Each structure stands twice: as C-alpha cells, then as structure tokens.
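What follows is the residue order along each chain.
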Amino acid sequence: MKKFFALVLAILMVASLAACGGSTNDATADQAKVYTIVSDNAFAPFESYDSETGEYVGIDMDIMAAIAEDQGIEYNMMNVGFDPALAKVQAGQADAVIAGMTITDERKEIFDFSEGYFEDGQVMVVAKDSDIDSLDDLNGKVVATKNGTMGAEYANANKDEYGYTTKAFEGSNEQYQAIINGNCVACFEDYTVIGDAIKNGVELKTVGEKINPSFYGFAVKKGTNAELIEKFNAGLANIKANGKYDEILAKYGM
Ligand code: GLN
C-alpha cells in the first residue's frame with residue numbers, strides 16, 4: 001500500500017512538472033532550441049576530418065564548443081563544405097555558419113556577423129617548383145578557385161586584367177590537387193590554411209604578400225537568430241578573458 005501511494009505521489013509530481021512545462025513562455029522555448037550550425041569540411045586548422053576519431057576537429061570546432069558551453073547553446077554541427085554551408089544558412093536550412101568565413105561588406109548585405117574572432121587574408125599559391133611569382137606571370141594560364149570564397153572572388157576580379165582564366169572547385173583540397181596535377185597553375189587560399197597544408201607536406205608554396213587581411217566571423221542569415229549572435233559575442237568575450245581562446249589557438253600551433 002505504501003508503495004502504491006509513493007507511486008501516486010510520483011505520478012502527481014511528474015504531472016505537475018509537465019504542467020509547468022506546458023506554461024513555457026518564449027524565453028524558455030528559446031533555451032530548449034537546438035541550433036543547426038554548418039561549416040566547411042576540409043579547411044585545417046579551422047575544420048578538418050580526423051579519420052582516427054571520426055570527428056571534425058579544428059579552431060572553429062573548438063571555439064564553437066567552448067562558446068556553446070559558456071553560453072548554454074545546444075547545437076548540431078554539420079560539416080557540409082564552405083559554399084554549401086553559406087547556401088544552407090541563406091535557405092533557412094541551418095541557423096548559422098562558422099567556417100573561417102571572412103567578414104565583408106558584400107556579405108553583410110545577406111548575413112549578420114558576430115565580432116571577428118581571427119584575422120587572416122589570402123595569398124597566391126603555386127606548385128613547389130613553379131617559376132610563377134606574381135599575377136603578371138598568370139597570362140594565358142588557368143587558376144583554380146574554391147566556390148564562394150574570397151580567394152575565388154580575387155581570382156575572378158583580376159582575370160581580365162591579367163589574361164588568365166579560372167576553373168572552379170568545391171573544396172580547398174581539390175584546388176591544391178589541380179595545381180599539383182598541373183591542370184591549374186595557381187590558386188588564392190587563406191594564408192593560415194595553406195601554411196598548415198604546406199607544413200603537413202602538401203607540395204605547394206606561397207608567393208607574394210598576404211591579400212586583404214580581414215577578420216573571420218560567425219554568421220547567421222540577415223535578420224534571423226539575433227540571440228545566437230549575441231550569445232556568440234558574449235561567449236567569445238568570456239573565452240578570451242578566461243584564457244580558453246588562447247588555449248585553443250595554441251593547441252593548433254598559433
Ligand atoms: N576566408 C575565406 C572566405 O571567407 C575562405 C573560407 C573557406 O574556404 N572556408 O571566403
């Protein structure tokens with residue numbers, strides 16, 4: 001009999017909790033939201049697939065995790081590639097993107113960005129044994145581009161003036177491969193990213209100076225998820241203040 005009353009009591013307690021849950025206001029509904037965040041899939045040291053663990057690792061992955069922990073953000077990360085990530089956010093199929101994405105005025109017309117969290121620019125990349133060392137040497141040649149990137153924008157903006165054509169690829173590795181194969185002679189890649197690839201044995205070299213140094217930002221579709229940008233900014237400030245941000249960069253050799 002005692003057990004029976006304990007059970008009734010337990011049921012009543014669960015029922016009253018459920019009733020409280022039923023009266024949720026919008027603020028608590030927001031807290032329960034699980035955001036979908038998208039990223040690139042081959043952009044080390046910011047995001048890359050670790051075949052040993054089957055997980056995506058990198059500065060962006062760690063910064064997102066640290067900020068989410070700090071701010072109580074729940075999310076699923078989908079590493080879909082750079083251009084697909086931007087498209088998914090624009091289509092409302094994902095809430096935000098963190099993908100070594102450069103903050104630009106043009107992108108601000110369709111995205112809202114967080115504060116910048118890392119500064120980088122692009123640089124010209126050629127084969128290790130190439131004689132090419134400036135835009136002037138690209139006349140009549142083919143330059144590899146990665147869809148949707150600043151590097152692609154730079155390559156396309158200069159092609160008429162310097163007399164070369166471009167060939168588009170989906171990811172960073174594909175454009176490196178095209179240069180190594182000799183199908184293309186150059187590409188414009190983010191400085192830190194090509195530096196990491198070369199350090200890890202990719203047979204390419206950089207030539208010339210860093211182009212358009214600017215900050216990377218976390219982004220949402222313009223006019224949506226304002227609370228997520230606020231939380232990202234608050235979390236970023238906190239992980240910068242408590243040393244976690246520096247720890248993450250140090251982990252990836254920065
Ligand atoms: N920073 C570059 C851009 O925003 C490249 C990003 C990337 O390839 N993931 O276009």
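Here, the structure is the one placed above.
Let me sum up the structure you'll find in this document. (Residues numbered from 1 in each chain as written. Predicted model: local features only at pLDDT ≥ 70, side-chain atom pairs only at ≥ 80, totals over all residues. Heavy atoms only, no water.)

### With respect to helix H8 (residues 191-199)
Defined as follows: Classification of residues uses two cut-offs on accessible area relative to the type maximum, computed with a 1.4 Å probe and protein chains only: under 20% is buried, over 50% is exposed, and between them is partly exposed. In DSSP terms, a helix is any run of H or I states spanning at least four residues, a strand is any run of E spanning at least two, and both are numbered starting from the N terminus. In this analysis, two residues are considered to be in contact whenever any of their non-hydrogen atoms come within 4.5 Å of each other.
When H8 is considered as a whole, its buried residues turn out to be Thr 192, Val 193, Ile 194, Asp 196 and Ala 197. Of the surrounding elements, those touching the buried residues of H8 are strand E2 (42-43), strand E8 (118-127), helix H7 (172-181), strand E11 (186-190) and strand E12 (204-216).

### Concerning the pattern of salt bridges
The test is simple: Only one rule defines a salt bridge in this text: a Lys or Arg side-chain nitrogen within 4 Å of an Asp or Glu carboxyl oxygen.
Here the structure, examined in full by the defined rule, presents 9 salt bridges. Where Asp 112 meets Lys 222, a salt bridge forms, and the shortest distance between an N and an O atom there is 3.9 Å. Of this pair, Asp 112 sits in strand E7 (residues 111-113) while Lys 222 is found in the loop between strand E13 (219-221) and helix H9 (226-241), placing the two residues 110 residues apart along the sequence. Measuring nitrogen to oxygen at the nearest pair gives 3.9 Å for the salt bridge that ties Lys 199 to Asp 196. With Lys 199 and Asp 196 both in helix H8, this residue pair falls 3 residues apart, about one helical turn.

### Thoughts on the sheet that holds E2
Defined as follows: Two strands pair under a simple rule: DSSP has to find at least two bridges between them.
If you walk across this open sheet you meet the 3 strands as E2-E3-E4, and the pairing is antiparallel. Looking at which strands have only one partner, the edges of the open sheet turn out to be E2 and strand E4 (55-57). Pairing analysis gives 3 bridges linking strand E3 (residues 47-50) to E4, with the strands arranged antiparallel. Along E4, the bridge assignment pairs Asp 50 with Glu 55.

### A look at the environment of Ile 179
Within the secondary structure, Ile 179 sits in helix H7. Distance from Ile 179 to Leu 204, taken between C-alpha atoms, is 8.1 Å for residues 25 residues apart in sequence. Excluding residues that lie within four positions of it along the chain, Ile 179 makes contacts with Val 125, Val 126, Ala 127, Cys 184, Val 185, Ala 186, Cys 187 and Leu 204.

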